[in-house]
Amino acid sequence: MFFTIRFYILKGKNTRRCPNIKELQINEQIRDKEVRLIDVDGSQLGVMPVKKAQQIARERKLDLVKVAPNANPPVCRIMDYGKYKYEQAKKAKEAKKNQKVINVKEIRLTPNIEEHDLNVKAKKAVKFLKNGDRVKVTVRFRGRELGYTDKGEEVLMKFAELTKEVGNIDKKPKLEGRNMIMILSPIN
């Protein structure tokens, strides 16, 4: 009975202790005996006991942050942790802002599509390509149409010809199951 209660207490403690692995250990959370200390300007102060390192950080009114927990001895740095977290969040936000999301739009055709319908679908694909999206063109074969895959490939090549001024073929027509797929990407 005592063992199971103790087990649950330890289990609860571990789940609360480190909810986010990316969080660094700061000040009193550092439980090592000795650490290698790095000053604010990047100079090394040497290997010293944790208590002394925490005292130096407190005197400077800064935080002691464990930056390399797997090193032997672990490396700690004296810094303003709030400012550090703010700068990291700012960098992450900037990186997210600069990345471009590429969407893939899909257009479905049949091997027996009429000329006018093909032109309408091609205009839609041109609109997608001008917006910077990739276009996945699919020809679906039903029943006996699967025996005429060459006709589906002709339709896809004609479609690529209609959209050649704004997009080029990224992936050539390929049969996957009952569908023949071709991917177009915008010309930069």
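Preceding this paragraph is the structure being described.
The following refers to the structure shown.

How each quantity is defined
Residues numbered from 1 in each chain as written. Predicted model: local features only at pLDDT ≥ 70, side-chain atom pairs only at ≥ 80, totals over all residues. Heavy atoms only, no water. Core = buried A, V, L, I, M, F, W, Y, C linked by side-chain atoms within 4.5 Å. Buried < 20%, exposed > 50% of the residue type's maximum accessible area, 1.4 Å probe, protein only. Helix = DSSP H or I, 4+ residues; strand = E, 2+ residues; numbered from the N terminus. Contact = heavy atoms within 4.5 Å. Pairing = 2+ DSSP bridges. Axes fitted to C-alpha atoms, helices over the stretch in contact; angles between N-to-C directions.

Attention now moves to the nonpolar core. Counting residues in each nonpolar core, the largest one holds 21 residues, and the members touching the most others are L109, V135, V137, F159 and L184. For this core, the elements supplying multiple residues, two or more each, are β5 (104-109), α4 (115-130), β6 (134-140), α5 (149-162) and β8 (179-186). The element contributing the most residues to this core is α4, with six residues. The contact partners of L184, leaving out residues within four places of it in the chain, are L129, R134, V135, V137, F159, A160, T163, N168, I169 and D170. Listed in part, the eleven residues of the second largest apolar core include I30, V35, V50 and I78.

Pairing is mixed in the open sheet, where four strands are placed in the order β5-β6-β8-β7. In the strand order of this sheet, the two ends are held by β5 and β7 (167-176), each with one partner. Ignoring strand direction, the axes of neighbouring strands in this sheet form an average angle of 20 degrees. Bridge count for β6 against β8 is six bridges, and the pairing is antiparallel. Counted as the bridge partner of R140 is N179 from β8. Across the sheet, α4 is in contact with β5, β6, β7 and β8; its angle to β5 comes to roughly 175 degrees. Most of the contacts of α5 go to β8, to which it runs at about 15 degrees, and overall it touches β5, β6, β7 and β8.

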